Amino acid sequence: MAGEKRLSGLGLGLKARQARDPVLTGITADSRAVRPGFLFAALPGSLRHGADFIATALEKGATAILTDPMGALIGTEAIGLKDVALVVVDEPREALARASALWSGAQPAVMAAVTGTNGKTSVSTFTRQIWQALGHAAINIGTTGVEGDWQAPSAHTTPDPVTLHAMLADAAGDGITHAVMEASSHGLDQRRLEGVRLKAAGFTNLTQDHLDYHHTMEAYFTAKAGLFTRLLPDDAVAVINLDGAYGPEMAELAEARGLPVLRVGRGETGPLPDLQIKAIRPDATGQELRLLWQGKPFQARLSLTGSFQAENVALAAGLVIACGEKPDRVMAALPGLKGVRGRMELAATRRNGAPVYVDYAHTPDAIATALQGLRPHVMGRLIVVFGAGGDRDRTKRPLMGEAAQANADILFVTDDNPRSEEPAAIRADIMAACPEANEVGDRAEAILRAVDALLPGDALLIAGKGHETGQIIKGEIYPFDDVEQASVATAALDGLI
């Protein structure tokens, strides 16, 4: 992180006690990364308060501390009479994010964000692809890292604010003019996106997930809603999928705040959406999509499997229009869209023509949506391989079993990322709702057996891990790629290796 800025005023806009105003050389919330002249943000955590590391930060040369009242109390002894600027605020995470934005400075001129339980990665990727098709230098930031005309690794769906704003500044410096990012509920709740200058934000849906963190659906919804009730500027546009769960409620919140709202959906109930999904005609390898933009028809063939992809594409198109592009040009770009790795990705095809898809679906609604979206493309049986992650919301496990039981013909329950839990216990939670399912703990064996079961006209969905390339078991990450396993199993069974 290059350069120097003062703590207050036009620097980082922070006011320290006793009017101290040092010149800073960097900012961080990681005491291990502190260098002489840094501001250290001592943030409250789920297990420990960052103020526990103030002494370490000061030993390394920190000249300013940002924290909350509890952190100031914890750090009293460490700070003592040292010549350090102490900034105490009620929302230190928000203050850190805004300071990070001021520190890094530049951002791509056009910024958008997408939130929701399912579809964020696809919507953000499609948004970026449309911008690129229209001639813009664009990136998307999220679960799959930073992709597009500029790449960078990213450990979280929504990076920490110091990393995020440094990333945006670097991208802008390298000529990126358009960026869209996934806004996770954790990122929104922890104020990681404050200071991002958005022109539009999209909402996909809200279904059960992350209750190990949020505890209730109401809290989960409130975290997601922060994108529209708090973050979007007054002149930015809220783009809402009315067909997604909680879509109408999110639109009402945005409208009540006075934001312009661009509605997307089928329009089967209530007022007609601005961008209406009028018709979908699936075929073996994609679908024909008919859209109406404020009553004007457009038609495009998408090389994307799954009817839910129509909602993702429509929301992406709405975001691009909301950011200032002409609808006619946006619609003309839709046939060129390519699917996202691990999102209803065609991983292999048996010699008898039966396809094998890999999808990131790891919630009850996502499994139901993926299977229902795949069903119109399948003449025979629908087979699914799935599991559930350990150390996460346990209440969704039987619901995942119910969703698979209701929408697939043959089920294989296997291990996902068991983490610290006993894999057999996780499988038992799932199978309580689908006792007739095939239980195969070893994921590679489950995939092999499912691929072997494919007859002409059948299709297989391997759900849960999507783009991931590792399996987390007892603190260790073992190489595992569903797409690779599907390809190997298909080749072996068809005598190609």
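Scroll up for the structure.
Here we summarise the structure given alongside this text. (Residues numbered from 1 in each chain as written. Predicted model: local features only at pLDDT ≥ 70, side-chain atom pairs only at ≥ 80, totals over all residues. Heavy atoms only, no water.)

### Regarding helix α6 (residues 161-173)
We count it as follows: Only runs of H or I of at least four residues qualify as helices and only runs of E of at least two qualify as strands under DSSP, and these elements are numbered from the N terminus. Working rule for helices: expected span equals 1.5 Å times residues minus one. Buried means the residue's accessible area, taken with a 1.4 Å probe over protein chains only, is under 20% of the maximum for its type, while exposed means over 50%, and partly exposed covers the values in between. Between two residues, a contact is recorded if the distance between any of their heavy atoms is within 4.5 Å. Polar contact is the term for a pair of N or O atoms within 3.5 Å; when the atoms are in protein, one must be able to donate a hydrogen and the other to accept it, and sequence-neighboring residues count only if both atoms are side-chain atoms.
An ideal rise of 1.5 Å per residue puts 18 Å on 13 residues; α6 measures up with 18 Å between its terminal C-alpha atoms. For α6, the set of buried residues is P161, V162, L164, H165, M167, L168, A169 and A171. Tucked into the core, α6 has its buried residues touching β3 (26-28), α4 (92-104), β7 (110-115), β8 (138-142), β9 (145-148) and β10 (178-182). The N-cap residue of α6 is D160: its side-chain oxygen and the backbone nitrogen of V162 are 3.1 Å apart. Directly after α6, the chain includes G175, whose backbone phi takes a positive value near 100°.

### Here we look at the packing of aromatic side chains
Just so we agree on the cut-off: Pairing of aromatic rings covers Phe, Tyr and the six-membered ring of Trp, with a centre-to-centre limit of 6.5 Å; geometry is then stacked below 30 degrees between planes, edge-to-face above 60, and tilted otherwise. Definition used: whenever NZ (Lys) or CZ (Arg) falls within 6 Å of the ring centre and also within 35 degrees of the ring normal, the charge is taken to sit over that ring.
Counting across every chain of the model gives 1 aromatic pair. Each ring, one from F221 and one from Y246, has its centre 5.3 Å from the other, and the planes form 35°; the classification is tilted. Linking F221 in helix α9 (residues 217-231) with Y246 in the loop between β12 (237-241) and α10 (247-256), this pair joins segments that are 25 residues apart in sequence. Just above the ring of W103 sits the side chain of K5; from NZ or CZ to the centre is 5.4 Å.

### Observations concerning unusual backbone geometry
The backbone of R191 shows a phi angle near 60°, a positive value even though the residue is not glycine. Relative to the assigned elements, R191 resides in the loop between α7 (185-189) and β11 (200-203). A positive phi angle, close to 45°, is found at M344, a residue other than glycine. Among the secondary structure elements, M344 is positioned in the loop between α12 (327-333) and β17 (345-349). According to the relative accessible area criterion, M344 is buried, its value standing at 6%.

### What to know about the pattern of salt bridges
Defined as follows: Here, a salt bridge means any Lys or Arg side-chain nitrogen found within 4 Å of an Asp or Glu carboxyl oxygen.
Tallied over the full model, the rule gives 28 salt bridges. Where R20 meets D83, a salt bridge forms, and the shortest distance between an N and an O atom there is 3.1 Å. In this pair, R20 is assigned in the loop between β1 (5-6) and β2 (23-24) and D83 in the loop between α3 (76-79) and β6 (85-88), connecting sequence segments 63 residues apart. One salt bridge in this structure joins K296 and D328, with 3.0 Å as the shortest N-O distance. With K296 in strand β16 (residues 296-302) and D328 in helix α12, this residue pair connects regions lying 32 residues apart in the sequence. Residues joined by salt bridges that share partners form a network here, namely E94, R98, R191, E194 and R230.

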